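# Overview (structure and organization)
Chain by chain, the residues:
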Amino acid sequence: MSKFNTQVGIIGGGPAGLMLSHLLHQHGINSVILEARSRQYCEERIRAGVLEQGAVDMLRQSGVGARLDREGLRHEGIEIGLNERRYRIPLTELTNGKAVTVYGQHEVVKDLIAQRLKDGGDVRFECSDVSVHAIEGPKPAINFTQNGEEHTLACDYIAGCDGFHGICRPSIPPGILTGYDRTYPFGWLGILAEAPPSLDELVYMHHDRGFALYSMRSPTVTRLYLQCKPDEDVNLWSDDRIWSELFTRLRCKDGWCPTEGKILQKSVTGMRSYVTEPMQFGKLFLAGDAAHIVPPTGAKGMNLAMADVYVLAESLRAFYRDNSNAKLQSYSRVCLRRVWKAQRFSWWMTSLLHRFDDHSPFDNRRQLAELDYVTSSRAAAASLAENYVGLPMELE
Ligand code: APR
Ligand code: PHB
């Protein structure tokens, strides 16, 4: 068993773990990332794709925005679809110049891995049997196996950035955390298609047969989703059936519909909201999906991860620079204020746009009234826009 040390041991090399390690490096703080999967797997896994203004600013200001600036697609509006018509929400006009950028999460991951390695960072892939120890004491440690060899990493702090199914959250003793949970009675069937976008902006479509989303990844690749059963068997969906359903739900009176193309990938994801409180115990700090997940409707998952690690990096900086614990002590409280507002927004977007089988005729009429309100009132659209481009990242 070999032993080594670092200041911050980071478990998980997704957007949260990588961005944290990058920001800490800029603050002169050492870290080691332990990731279960291979580098190739992390760089190719298709996940979210919309960056809030604040996340774009963070990537740029920390020096990893060059490719994002070249290849990211800046969106100044989104469209809400209803009754075969699209209504534009002018995000930038309603938020004093803010916008979102469409750039795949795996591209962010690629850029961050490259930068960490360029800066001499210690990023270890294919680590197994990762476990945390002595998190209540002054010197916590992480045990793991790599290339058949067992290691112990002694740290000052541990960052649990290992996603929703990771080992960090369950390592906190029983009775400390409270989980707040909601599962939705549907999922999303998502496809990636080799087809140029037929419209520059995303379309969130309400339809009697269920919600559909038109999104994109690049000038040649479209990303599309269909509301489906939570346990939908993707094998029952031939390419023809998928396109036919997408055309039925998305086609508009003005003739617009997505362009058909070769389906490169298809998968089904369930929809869930979850928050754990607090996001910290002893020397272990949870960030990103390890602490909370949102349904994808509001496009908040990756952005919440970025906001958490911004607060955590600043809190650790205050500890090492000023020998002050105060910011670390308020980490959970500061993150949770913003997390809950993003949870509210994600739940609201989900409720606004999906078909709910248990809705009464009253519920259906109320939902249509809400869609009418959001697409016709500037005040309502401004609230959507403010949340969609991202609420401010606060440190207090
Ligand atoms: N040991 C080491 N690494 C682990 C372990 C473990 N026991 N368990 C999980 N991991 C790794 C996963 O392989 C993954 O690379 O932790 C990483 C967690 O990354 P993400 O799931 O991407 O979570 P996060 O960085 O918080 O980013 C949140 O991901 O799921 C999306 O919609 C979500 O966009 C959001 C983003
Ligand atoms: C995506 O492009 O994957 C995407 C876009 C917007 C969402 C969710 C997912 O709300």
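Residues numbered from 1 in each chain as written. Chains lettered and ligands numbered in written order. Predicted model: local features only at pLDDT ≥ 70, side-chain atom pairs only at ≥ 80, totals over all residues. Heavy atoms only, no water.

The subject of this paragraph is the overall build of the chain. Within the chain, the secondary structure is distributed over 12 helices and 21 strands. In terms of overall dimensions, the chain has a C-alpha envelope of 65 × 40 × 40 Å along the principal axes. Taken over 396 residues, the chain has a buried fraction of 57%. For the chain, the share of sequence-separated contacts (at least 6 apart) that also reach a separation of at least 24 residues comes to 72%. (Helix = DSSP H or I, 4+ residues; strand = E, 2+ residues; numbered from the N terminus. Buried < 20%, exposed > 50% of the residue type's maximum accessible area, 1.4 Å probe, protein only. Contact = heavy atoms within 4.5 Å.)

Looking now at the domain arrangement of the chain. Domain parsing of the chain yields domain 1 (2-49 + 104-177 + 278-354) and domain 2 (185-271 + 357-387). Its C-alpha centre places domain 1 at a distance of 31 Å from the equivalent point of domain 2. Contacts between the two partners involve 19 residues from domain 1 and, on the opposite side, 18 residues from domain 2. Both sides together, the interface formed by domain 1 and domain 2 hides about 1700 Å², and carbon and sulfur atoms give 65% of it. In this assembly, domain 1 and domain 2 are joined by 0 salt bridges. (Domains from an automatic or database assignment. Buried area = accessible area lost by both parts, 1.4 Å probe. Salt bridge = Lys/Arg side-chain N within 4 Å of Asp/Glu carboxyl O.)

Okay, the sheet that holds strand β15 (residues 203-205) next. Note on sheets: strands pair through backbone hydrogen bonds, and any given pair is parallel or antiparallel. Strand order in the open sheet made by the 8 strands is β7-β6-β15-β16-β17-β14-β18-β21, with mixed pairing throughout. Both edges of this open sheet fall to β7 (85-89) and β21 (292-293), since each of them pairs with a single strand only. Strand direction decides the pairing type here: strand β6 (residues 78-82) and β15, joined by 3 bridges, are parallel. Of the residues in β15, the one forming a bridge with glutamate 79 is valine 203. (Pairing = 2+ DSSP bridges.)

Now for the site of ligand 1. Near ligand 1 you find 25 residues, and of these Glu35, Arg45, Arg47, Gln105 and Asp289 are the closest. Within the contact set of ligand 1, an oxygen atom lies 2.8 Å away from a side-chain nitrogen or oxygen of arginine 45. Against a free-state accessible area of 710 Å², the protein chains account for coverage of 86% of ligand 1. When residues of the shell around ligand 1 are traced back to their parent elements, those giving at least two are α1 (15-26) and α9 (301-322). At 3 residues, the largest contribution of residues to the shell around ligand 1 is made by α9. (Near = heavy atom within 4 Å. Polar contact = N/O pair within 3.5 Å; in protein donor to acceptor, adjacent residues only side chain to side chain. Areas by Shrake-Rupley, 256 points an atom, 1.4 Å probe, with all protein chains shown as cover.)

Before going further, it helps to spend a moment on the packing of aromatic side chains. What describes a pair of aromatic rings is the distance from one ring centre to the other and the angle between the planes of the rings. Taken as a whole and assessed by the stated rule, the structure comprises 16 aromatic pairs. An angle of 85 degrees between the planes, with centres 5.2 Å apart, marks the rings of tyrosine 157 and phenylalanine 319 as edge-to-face. Pair noted here: tyrosine 157 is in strand β13 (residues 157-160) and phenylalanine 319 is in helix α9, with a separation of 162 residues, a long-range link. Among the residues examined, tyrosine 157 registers a relative accessible area of 6% and is labelled buried. Site record: aromatic cluster; members linked through ring pairs are Tyr157, Phe285, Phe319, Tyr320 and Tyr331. A cation over a ring is seen here: lysine 300 above tyrosine 388, with NZ or CZ 5.6 Å from the ring centre. (Phe/Tyr/Trp six-rings, centres within 6.5 Å; stacked < 30°, edge-to-face > 60°. Lys NZ or Arg CZ within 6 Å of the ring centre and 35° of its normal.)

To continue, consider the state of the cysteines. Tallied over the entire structure, the rule returns 0 disulfides. The closest cysteine sulfur to the non-disulfide-bonded cysteine 257 is located on cysteine 252, 8.8 Å from its own sulfur. (Disulfide = S-S within 2.5 Å.)

Residues Leu20, Leu51, Leu59 and Ile142 are the most contacted members of the largest nonpolar core, which totals 68 residues. The greatest single-element share of this core, amounting to 10 residues, is contributed by α9. Those residues in contact with leucine 20, other than ones at most four positions away along the chain, are Ile10, Ala159, Cys161, Val309, Leu312 and Ala313. (Core = buried A, V, L, I, M, F, W, Y, C linked by side-chain atoms within 4.5 Å.)

Scanning all chains against the criterion turns up 2 cavities of 30 Å³ or more. Forming the walls of the largest cavity are Glu52, Lys300, Arg338, Lys341, Ala342, Phe345, Asn387, Gly390 and Leu391. Ranked by residues supplied to the lining of the largest cavity, first place goes to helix α10 (residues 326-353) with 4 residues. Considering only residue class, the lining of the largest cavity consists of 3 nonpolar, 2 polar and 4 charged. Here the second largest cavity is characterised by a volume of approximately 30 Å³. Around the second largest cavity sit Val311, Glu314, Ser315, Lys327, Ser330, Tyr331, Val334 and Leu395, which together line it. Of all the elements in the fold, those that place two or more residues in the lining of the second largest cavity are α9 and α10. The element that contributes the greatest number of residues to the lining of the second largest cavity is α10, accounting for 4 residues. Of the residues contributing to the lining of the second largest cavity, the split by class is 4 nonpolar, 2 polar and 2 charged. (1 Å grid on protein atoms, 1.4 Å probe; cavity = no way out; pocket = protein on both sides within 12 Å on 5 of 7 lines; lining within 4 Å. Points joined across faces, edges and corners; volume = space filled by probe spheres on them. Nonpolar A, V, L, I, M, F, W, Y, C, P; charged D, E, K, R; others polar.)

Let us look at the side chain of histidine 292. Following the sequence through the fold, histidine 292 ends up in strand β21. Here the side chain of histidine 292 touches aspartate 308 through a polar contact of 2.6 Å, side chain to side chain. Excluding anything up to four places from it in sequence, histidine 292 contacts Tyr274, Val275, Met279, Leu304, Asp308, Val339 and Gln343.

All right, on to the layout of surface pockets then. Put simply, the second largest pocket is a space of about 360 Å³. Lining of the second largest pocket is provided by 19 residues; of these, Asn83, His206, His207, Asp208 and Leu368 occupy positions nearest its centre. Within the residue set of the lining of the second largest pocket, elements represented by two or more residues are α8 (239-250) and α11 (361-376). Here the residues of the lining of the second largest pocket sort into 5 nonpolar, 8 polar and 6 charged.

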